[in-house]
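Descriptive analysis of the structure
Below are the chains, spelled out letter by letter.
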Amino acid sequence: MELYQVSVFVENKSGRLADITEVLSKNNINLRALSIADTTDFGILRLIVDNPKATELILAENGFTATLTKVIGVRVPDTPGGLSVVLRLLSDGNVGLEYMYAFIGKEDERASVILRVDNDEKAEQILSFNGIDLISGDAFNE
Amino acid sequence: MYYNKKIETMAREDMKKLQSERLKKTVERVYNNVPLYRERFDEYGIKPEHIKSVDDLKNLPFTYKTDLRDTYPYGLFAAPMEEVTRIHASSGTTGKQTVVGYTQNDIDVWSECVARSLVSVGGSNKDIVHVSYGYGLFTGGLGLHDGATKLGAAVVPVSSGNTARQVNIFKDFGSTILCCTPSYAMYLAEAVKESGISPDELKLRIGIFGAEPWTEEMRDEIEKGLGLKAYDIYGLSEICGPGVSCNCYMQNGLHVQEDHFIPEIIDPDTGEVLPDGESGELVFTCITKEALPLIRYRTRDISSLTHEVCECGRTTVRMSKPCGRTDDMLIIRGVNVFPSQVESVLLNIEGVSPHYHITVDRVNNLDTMDVEVEMSPSMFSDSVKHIQEKEKMIKQALLSTLNIAVGVKLVGPKTISRSEGKAKRVTDNRK
Ligand SMILES: [Zn+2]
């Protein structure tokens, strides 16, 4: 199953982030990973949750602009320079990386990384061909 | 179809004759009953007998909004209070409100103007007219109400507010004509969409919108969202209210009910009358009003006139849709900017929400203008770069239309207030 990130527009106004996380907790959405990109005027909150489609709808109902973005999740090889291996494979394959963020997996405490690339299909092919452990969307469902 | 074919298709010569007779009577009336007019005419050395035809209109002095304020509340009334049957008022954004009065004959004339307007856009006594203008001191509600009643249509006097209920009424009552402000029509279109009703399920076919400036792009949005054809109605309480002029179904300008209100276009700086086709300030002279016959009233609206016969067959003079008020005009670093220009820029960019708010300020003696624009789902993406490109595109489009650099700030959806009356789209912190 494909892995989707929920991207949310965050107005540059105090309390907006808290508003979003409150809506999520009220609706029993579990946050698995998050990152925020911000500029002087606005921010984009990027979330990995157990149910992306439902989260997108709940946020829209509560007046937020949210969208689903296909991303790639990898468990970083448990060796020195494990992340570099992943990034090198992508760059050698001419796959552009737009952004990434890391989190610690729940079960095995291994470092995992969410990657946003310009060519999902190609990236997945390269990574799985080279034995990198990809995270399926199901992994976040309870 | 005409409500009053004789008047609406009258030959120019005959109209001029009718106007001249009525103008002479009105000048006599104000000279004899209104101290301000007597003093002002005397000052200009004008006696009623000097006014022989409409050609002499240009020699009469202007009336300004401040004259109504200075004589508040009834100082310009030309009829005794026992003949007055209605009083309306417009809220002044600065200081006193403006009070206007009507005799029963004034109300009848006004109703006929609205009835003519309804017929000229294709309405008839078979229509169900849904009036969502505010009822009360504002002329919108009762004006459309009385006009639709005169036509013999079924009037639904909903007034403004309670939007969810309005949508149910559209559906259950089968409203065919909607009358309200264009910003409220946008709001209603949004409410229809949210309720999950398709515009095809509604019987709405005609919209008559006025009381604030709006753009062609807004017209498209309203027409799509409500499944109707949207027409302009124009008016101001000082002259009578909505119905002073209105589109016909050809939608090529607004036919002025010139047997009651003579329009002129003047240069707002020199006061000189401008020829057909030239833009300037719209000025009206009431020639049948009894309670408040204003002479050469400066509307502050920018428009132009044409006397060409319309394809609909009407011979009455047409005015162009007002493209802003001289009052609304913002002067930013010496450049004239109308909020409606900002709106049309936004509506022309695919996927950008038409709701906006302008903040004007002065920083280090330099005027700044910032436009808040709502982030819409189609404009949003997970990429900062992509959003910044959109932001830059909006800035660029505003710059090329307004000729000044404007700041753009993206804000959350529905954070800009949807007005139920005249939209408040500008905050000027320089004052
Ligand atoms: Zn016409």
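Structural data are supplied above this passage.
This text gives an overview of the structure that appears in the document. (Residues numbered from 1 in each chain as written. Chains lettered and ligands numbered in written order. Predicted model: local features only at pLDDT ≥ 70, side-chain atom pairs only at ≥ 80, totals over all residues. Heavy atoms only, no water.)

Thoughts on the sheet that holds strand 20 (residues 426-428) of chain B
All names here are of chain B. Going by this rule: Pairing between two strands is assigned when DSSP locates at least 2 bridges connecting them. Helix and strand definitions follow DSSP, with helices as H or I runs of at least four residues and strands as E runs of at least two, each counted in order from the N terminus. A fitted line through C-alpha atoms represents every axis, and for helices the fit uses only the stretch in contact; the resulting angles, taken between N-to-C directions, go from 0 to 180 degrees. In this description, contact between two residues means that some pair of their heavy atoms is separated by no more than 4.5 Å.
In spatial order, the strands read 19-18-17-20; together these 4 strands make up an open sheet with mixed pairing. Two strands lie at the open edges of the sheet, namely strand 19 (407-411) and strand 20, each paired on one side alone. Across the sheet, the axes of successive neighbouring strands diverge by a mean angle of 20°, strand direction being ignored. Direction of pairing for strand 17 (residues 356-363) relative to strand 18 (residues 366-374): antiparallel, over a ladder of 8 bridges. What sits directly across from Asp361, in strand 18, is Thr368. Against the sheet, helix 10 (residues 339-347) touches strand 17, strand 18 and strand 20, its axis set at about 125° to strand 17. The strands touched by helix 11 (residues 384-402) within the sheet are strand 18 and strand 19, with strand 19 carrying the most contacts at an inclination of about 135°.

Things to note about the side chain of Thr103(B)
Residues and elements named next belong to chain B. Worth spelling out the cut-off: The rule is simple: take the accessible area with a 1.4 Å probe, protein chains only, and divide by the maximum for that residue type; under 20% is buried, over 50% is exposed, in between is partly exposed. Counting of polar contacts relies on pairs of N or O atoms within 3.5 Å, with two restrictions inside protein: one atom must be capable of donating a hydrogen and the other of accepting it, and residues adjacent in sequence are counted only when both atoms are side-chain atoms.
For Thr103, the position within the fold is in strand 2 (residues 98-103). Note on Thr103: relative accessible area 2%, which makes it buried. Engagement of the side chain of Thr103 in a polar contact is seen with the side chain of Glu290, the distance being 2.6 Å. With residues near it in sequence (within four places) discarded, Thr103 still touches Ala79, Glu83, Val84, Thr85, Glu290 and Ala291.

A short note on unusual backbone geometry
All names here are of chain B. With an omega of -5°, the peptide bond between Tyr72 and Pro73 qualifies as cis. Within the secondary structure, Pro73 sits in the loop between helix 4 (65-70) and strand 1 (84-90). Unlike most non-glycine residues, Lys414 shows phi in positive territory, near 60°. Inspection of the secondary structure puts Lys414 in the loop between strand 19 and strand 20.

Details of the environment of Met10(B)
As for its position among the elements, Met10(B) is in the loop between helix 1 (5-8) and helix 2 (12-33). Along the primary structure Met10(B) and Asp259(B) are separated by 249 residues, whereas in three dimensions their C-alpha atoms are 9.8 Å apart.

What to know about the coordination of the zinc ion
Angles at a metal have ideal values that depend on geometry: 109.5 degrees with four tetrahedral donors, 90 or 180 degrees with six octahedral donors. Residues and elements named next belong to chain B. To keep it simple, the criterion reads: Water is not among the atoms examined, so metal sites may look incomplete; donors are the N, O and S atoms within 2.8 Å of the metal, or within 3.2 Å for Na, K and Ca. All geometry calls rest on donor angles, where a four-donor set with angles between 85 and 135 degrees is tetrahedral, four- and six-donor sets with opposite donors more than 155 degrees apart and all others between 65 and 115 are square planar and octahedral, and all else is irregular.
The protein atoms that coordinate the zinc ion are Cys248 (SG), His255 (NE2), Cys310 (SG) and Cys312 (SG), at distances spanning 2.0 to 2.3 Å. One can describe the site at the zinc ion as tetrahedral: its 4 donor atoms subtend angles covering 105 to 112° at the metal. Written as a sequence motif, the donor residues of the zinc ion are C-x6-H-x54-C-x1-C. Taken together, the residues Cys248 in the loop between strand 8 (241-247) and strand 9 (254-256) and Cys310 in the loop between strand 13 (305-306) and strand 14 (318-319) connect sequence positions 62 residues apart.

Topic: the pairing of strand 5 (residues 177-180) of chain B
Residue and element names in this part refer to chain B. Counted only if it meets this: When the strands point away from the viewer and the connection leading from the first strand across the helix to the second strand turns clockwise, the crossover is called right-handed.
Burial of the side chains of strand 5 extends over both faces: Ile177 and Cys179 are buried on one face and Leu178 and Cys180 on the other. Pairing between strand 3 (residues 128-131) and strand 5: 3 bridges, direction parallel. Bridge pairing links His130 to Leu178 in strand 5. For strand 5 and strand 6 (residues 206-209), the ladder comprises 4 bridges, and the chain directions are parallel. Among the inter-strand pairings, Cys180 is bridged to a residue of strand 6, identified as Phe209. Between the parallel elements strand 5 and strand 6, the chain passes through helix 8 (residues 182-194) in a crossover that is right-handed.

Observations concerning the interface of chain B and chain A
Just so we agree on the cut-off: Here the quantity called buried area is the total loss of accessible area, with a 1.4 Å probe, experienced by two parts when brought into contact, counted for both. The term salt bridge refers to a pairing of a side-chain nitrogen on Lys or Arg with a carboxyl oxygen on Asp or Glu at a separation within 4 Å. Three categories are distinguished: nonpolar for Ala, Val, Leu, Ile, Met, Phe, Trp, Tyr, Cys and Pro, charged for Asp, Glu, Lys and Arg, and polar for the others, with Gly belonging to the last.
Counting residues at the interface gives 18 residues for chain B and 20 residues for chain A. It is Phe380(B), Asp382(B) and Val384(B) in chain B that bury the most area against chain A; as a group they hold 45% of the surface buried on that side. For the pair chain B and chain A, the interface holds 1 salt bridge. Of the charged contacts in the structure, one is a salt bridge between Asp382(B) and Arg116(A), with a shortest N-O distance of 2.6 Å. Inspection of the region where chain B meets chain A yields 5 residue pairs in polar contact (both at pLDDT 80 or more). Within the residue set of the side of chain B that touches chain A, elements represented by two or more residues are helix 11 and strand 19 of chain B. Residues of the side of chain B that touches chain A, tallied by class, amount to 9 nonpolar, 6 polar and 3 charged.

Overview of helix 2 (residues 52-61) of chain A
Residue and element names in this part refer to chain A. For the record, the criterion: The directions considered for the arc are those from the helix axis to the C-beta atoms.
Listed in full, the buried residues belonging to helix 2 are Pro52, Thr55, Glu56, Ile58 and Leu59. Buried residues in helix 2, looked at end-on, bunch into an arc of 165°, giving them a common side. Looking at the buried residues of helix 2, the elements they touch are strand 1 (3-11), helix 1 (16-26), strand 3 (42-49) and strand 4 (66-75). A positive backbone phi angle near 85° is found at Gly63, which sits one or two residues after helix 2.

Focus on helix 1 of chain A
Residue and element names in this part refer to chain A. Every buried residue of helix 1 is accounted for by Arg16, Ile20, Val23 and Leu24. End-on view of helix 1: buried residues confined to an arc of 100°, all on one side of the axis. Elements in contact with the buried residues of helix 1: strand 1, strand 2 (31-38), strand 3 and helix 2. Looking one or two residues beyond helix 1, the residue adopting positive phi is Asn28, at roughly 55°.

Focus: the packing of helix 9 (residues 216-226) of chain B against helix 10 of chain B
All names here are of chain B. Rules: Any angle that is under 35 degrees is reported as roughly parallel, and any over 145 degrees as roughly antiparallel; angles of 65 to 115 degrees are reported as roughly perpendicular and all others as oblique.
The interhelical angle for the contact between helix 9 and helix 10, taken along N-to-C directions, is 55°, at an axis separation of 8 Å. Classified by the interaxial angle, the pair formed by helix 9 and helix 10 is oblique. Packed against helix 9, whose contacting residues are Glu217, Met218 and Glu221, the element helix 10 presents Glu343, Ser344 and Leu347 at the interface. When the residues that make up the contact of helix 9 with helix 10 are grouped by side-chain class, the tally is 2 nonpolar, 1 polar and 3 charged.

So, the pattern of salt bridges
All names here are of chain B. Across all of its chains, the model carries 28 salt bridges over all chains by this definition. Arg22 serves as the salt-bridge partner of Asp259, at 4.0 Å between the closest nitrogen and oxygen. Taken together, the positions of Asp259 in the loop between strand 9 and strand 10 (261-266) and Arg22 in helix 2 put the pair 237 residues apart, joining distant regions of the chain. In this structure, the salt-bridge partner of Lys229 is Glu223, at a minimum N-O distance of 3.5 Å. The partly exposed category is assigned to Lys229, whose relative accessible area is 35%. When salt bridges with common partners are traced through the structure, they connect Arg22, Glu112, Arg116 and Asp259 into a single cluster.

Structural notes on the environment of Gly324(B)
Residue and element names in this part refer to chain B. Following the sequence through the fold, Gly324 ends up in the loop between strand 14 and strand 15 (330-332). Taking the C-alpha atoms as reference points, Gly324 and Trp214, separated by 110 residues in sequence, lie 8.6 Å from one another. Discounting chain neighbours no more than four positions away, the residues touching Gly324 are Arg300, Asp301, Ile302 and Phe338.

Examining the sheet that holds strand 9 of chain B
Residue and element names in this part refer to chain B. The strand order across the open sheet built from 9 strands is 4-3-5-6-7-8-9-14-13, with neighbouring strands paired in mixed fashion. Two strands in the sheet have a free side with no partner beyond their single neighbour: strand 4 (154-156) and strand 13. As paired strands, strand 13 and strand 14 are joined by 2 bridges and run antiparallel to one another. Across the sheet, the residue bridging to Leu305 is Met319, located in strand 14. Helix-sheet contacts for helix 5 (residues 104-120) involve strand 5, strand 6, strand 7 (229-236) and strand 8, and the interaxial angle to strand 8 is about 30°. Sheet strands touched by helix 9: strand 5, strand 6, strand 7 and strand 8. Its angle to strand 7, the strand with the most contacts, is close to 125°.

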